[in-house]
2 protein chains.
Amino acid sequence: MKFLEKLNSSVNCNQSLICIGLDPDTSLIPDNISLEDFIRQIIEATSDLVCAYKINFAFFEAMGSEGYHFLHAARSLIPRHIPVIADAKRGDIGNTSRAYARAIFEKLDFDAVTVNPYMGYDSIQPFLEHSERGIFILCRTSNPGANDFQNLQCLKDENKTPLYLLVAEKSRQWNIHGNVGLVVGATCPEELGLIRKQCPEMPILIPGIGHQGGDVRLAVVNGTDSNGRSAIINSSRQIIHASRGDDFAIQSRQAANKLRKEINQYRRPF
Amino acid sequence: MKFLEKLNSSVNCNQSLICIGLDPDTSLIPDNISLEDFIRQIIEATSDLVCAYKINFAFFEAMGSEGYHFLHAARSLIPRHIPVIADAKRGDIGNTSRAYARAIFEKLDFDAVTVNPYMGYDSIQPFLEHSERGIFILCRTSNPGANDFQNLQCLKDENKTPLYLLVAEKSRQWNIHGNVGLVVGATCPEELGLIRKQCPEMPILIPGIGHQGGDVRLAVVNGTDSNGRSAIINSSRQIIHASRGDDFAIQSRQAANKLRKEINQYRRPF
């Protein structure tokens, strides 16, 4: 099944635009539980409330060789009908990107990946070739440093356009297999609206609500498409670390459900 | 020891600006030898001819969990006085970059890393904090797609400047610990010259000679500093796969030595 179909199916089935980021901070996990059990219980408690999960590779890589085992385990614990995004932000010259794409889609069997556009088309093309998988290109990120380069005004055909909108434009051109999406932070709702206008149908992965301060309502209003879909709103710590006690799974379910309902009340009718 | 001291020490000691990229293509390794032995023999045959080694993470990640073991093994095989660059092209929001920095510098003990600037300062700052390690920021890459964004003319203080030069300028500002370098492809010698002019002392990692077609002479002339140093000229396949036969180690030594001499003849007196 194509990534977009799988995503729309889980959006409809769970009536949800939430993506839970499985980025555990090991210091916030209850003492008497293993990391693998923690992740399993979070997934079991939330998998009927999300449209996707996102796994941040850095947290697992920071653990050394056992991290790879956990990464594999975490991915395996997620029910097959829920798409899983590898938040890896990769991008390299052609044959290297090809190796990364193999690692992420074939060895680890993720449904989608985040990639960095700085190196241009041939750094992303090996990912795009996997036409059943989703490729989320970093466009306007949620962090403060995003301003350093992404909002620079660039000259293109005599017009001034910010770099992030040129990235959105190129991403649209590269979308010949219908598997391209964008990453846009909830911390910059104005840019999110402009990007959505330029790419009416593309899925947009939206991090930055919660801890980073992005506004949920604007993320939904500016980020969804005309059918109230195609926005994947990520939340990590706010959900998975809703409690440090033994009730962490129940609390994570409640936090996820609360956010899901809040998001749905801002969605256009669907 | 600070990264730059370690680099200059190996440049002087081995009279070399060569960095060998340990990116083995497993289909080009002689049948009767393991990947680990292949890498060991390449290192033993060349470690007195290089100023650094570079290990491409993608090739190892593409192998799955055993790749991590090989990555660790490959790094361990390199003599401690030769700097090793993790070619990982990472970059993410602050706490994620912090996890990557820990993985690369602490768990794997690399001397330097390549990072992607698209997400701006706070995505790079956690790497910079490791003041003893080198941070090579992608500036103008060697691949064809580099043109898509890196050469866009940007408006800054009413002036038109290509994006890659703004990245070089910012990188210089961020270099408060003296541990920042840039990545510039040998395939764009003109840009290399402009970047060297803007950053007279910064080390520049230069991929793109050999297979990618970059000119060795121009890489040296435009890439070195006023002392004929601070250019780290990478070669991978041309050296490590110089032969597919049992003589691969000897042949890799000969290829490395030939390139080392060619580079040295173009260097300013040192």
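The rules behind the values
Every chain is numbered independently, its residues counted from 1 as its sequence is written. A letter from A marks each chain and a number from 1 marks each ligand, given out in the order of writing. In keeping with the model being predicted, local features are shown solely for residues with a pLDDT of at least 70 and side-chain atom pairs are shown and tallied solely at 80 or more, while totals for entire chains, interfaces and linings include all residues. Side-chain figures throughout are based on the complete set of non-hydrogen atoms in the structure, without hydrogens or water. Each residue's exposure class comes from its accessible area (1.4 Å probe, protein chains only) as a fraction of the maximum for that residue type: buried when under 20%, exposed when over 50%, partly exposed otherwise. Only DSSP runs of H or I reaching four residues or more are called helices, and only runs of E reaching two or more are called strands; each is numbered from the N terminus. What makes two strands pair is DSSP finding at least two bridges between them. The atoms used to superpose the copies are C-alpha atoms, taken from residues with pLDDT of at least 70 in both, and the fit is least squares. Residues count as neighbours in contact if any of their non-hydrogen atoms are within 4.5 Å of one another. Working convention: axes come from line fits to C-alpha atoms, limited for helices to the stretch in contact. Angles between N-to-C directions cover 0 to 180 degrees. When two parts are brought into contact, each loses some accessible area as probed by a 1.4 Å sphere; the total of that loss over both is the buried area. The term salt bridge refers to a side-chain nitrogen of Lys or Arg lying within 4 Å of a carboxyl oxygen of Asp or Glu. Two N or O atoms form a polar contact when they lie within 3.5 Å of each other; inside protein one atom must be a possible hydrogen donor and the other a possible acceptor, and for residues adjacent in sequence the pair counts only when both atoms belong to side chains. Relative orientations are named as follows: roughly parallel for angles under 35 degrees, roughly antiparallel for angles over 145 degrees, roughly perpendicular for angles from 65 to 115 degrees, and oblique for any other angle. Should the near helix be turned anticlockwise from the far one by less than a right angle, the crossing is termed left-handed; should it be turned clockwise, right-handed. Residues are grouped as follows: Ala, Val, Leu, Ile, Met, Phe, Trp, Tyr, Cys and Pro are nonpolar; Asp, Glu, Lys and Arg are charged; all remaining types, including Gly, are polar. Think of pLDDT as the predictor's per-residue confidence, scored from 0 to 100.

This next bit is on the pairing of strand E10 (residues 231-235) of chain A. All names here are of chain A. Here E10 lies mainly inside the structure; five of its five residues are buried. By the alternation rule, side chains of E10 split into Ala231, Ile233 and Ser235 and Ile232 and Asn234, which are all buried. Direction of pairing for strand E1 (residues 18-21) relative to E10: parallel, over a ladder of three bridges. Across the sheet, residue Cys19 finds its bridge partner in E10, namely Asn234. In this structure, strand E9 (residues 204-206) lies alongside E10, joined through three bridges in parallel fashion. Directly across from Leu205, in E10, lies its bridge partner Ile232.

In this section: the relation of the copies chain A and chain B. You can overlay chain A on chain B at an RMSD of 0.0 Å; the transform is a turn of 180° with a shift of 0.0 Å along its axis. Seen this way, the second copy is the image of the first under a two-fold rotation axis. No C-alpha of chain A approaches the rotation axis more nearly than that of Cys154 of chain A, which lies at 2.1 Å. Most of the interface of chain A is mirrored in chain B, where 100% of its interface residues again form contacts.

Below, the discussion takes up the sheet that holds strand E1 (residues 18-21) of chain B. The strands that make up a sheet are held in pairs by hydrogen bonds between backbone atoms, and each pair lies either parallel or antiparallel. Residues and elements named next belong to chain B. An order of E1-E2-E3-E4-E5-E8-E9-E10 is seen for the eight strands of this closed barrel, with the pairing classed as parallel. Between one strand and the next, the sheet's axes are offset by a mean angle of 30°, whatever the strand orientation. On the sheet, helix H5 (residues 94-107) packs against strand E3 (84-90), strand E4 (112-115) and strand E5 (134-140) and is oriented at approximately 160° with respect to E3.

Further remarks concern the interface of chain A and chain B. Counting residues at the interface gives 57 residues for chain A and 57 residues for chain B. When chain A packs against chain B, the two sides together hide about 4,700 Å² of surface, and 61% of this comes from carbon and sulfur. The tally of links between chain A and chain B comes to six salt bridges. Notably, a salt bridge pairs Arg90 of chain A with Glu61 of chain B, separated by 3.1 Å at the nearest N-O pair. Remark: the boundary between chain A and chain B carries 26 residue pairs in polar contact (both at pLDDT 80 or more). Here the side of chain A that touches chain B takes seven residues from helix H5 (residues 94-107) of chain A, the largest share from any one element.

Take the packing of helix H9 (residues 189-198) of chain A against helix H10 (residues 216-223) of chain A next. Residue and element names in this part refer to chain A. Viewed as axis vectors pointing N to C, H9 and H10 meet at an angle of 15°, and their least axial separation amounts to 8 Å. Looking at the two axes, H9 sits roughly parallel to H10. As H9 packs across H10, the resulting crossing turns out to be right-handed. Note on element contacts: H10 touches H9 through Leu218, Ala219, Asn222 and Gly223, opposite Pro189, Glu190, Leu192, Gly193 and Arg196.

Residues and elements named next belong to chain A. Relative to each other, helix H2 (residues 35-46) and helix H4 (residues 65-77) sit at 20°, their axes nearing to 10 Å. Taken together, the axes of H2 and H4 lie roughly parallel to each other. Every pair of crossing elements has a handedness; the one defined by H2 and H4 is right-handed. Of the residues in H4, those touching H2 at Leu35, Glu36, Ile39, Arg40 and Ile43 are His69, Phe70, Ala73, Ala74 and Leu77. In the contact of H2 with H4, the residues fall into seven nonpolar, one polar and two charged.

The next subject is the confidence of the model for chain A. Looking at chain A as a whole, its pLDDT mean stands at 95, while 99% of the residues score no less than 70. Predicted complex metrics record ipTM = 0.95 and pTM = 0.96.

Attention now goes to unusual backbone geometry. A positive phi angle is found at Asp157 of chain A, which is not glycine, with a value near 50°. Here Asp157 of chain A lies in the loop between strand E6 (153-156) and strand E7 (159-162). For Asp157 of chain A, a relative accessible area of 63% puts it in the exposed group. For Gln15 of chain B, which is not glycine, the phi dihedral falls at a positive 45°. On the secondary structure map, Gln15 of chain B appears in the loop between helix H1 (3-14) and E1. Relative accessible area serves as the criterion here: at 30%, Gln15 of chain B is assigned to the partly exposed category.

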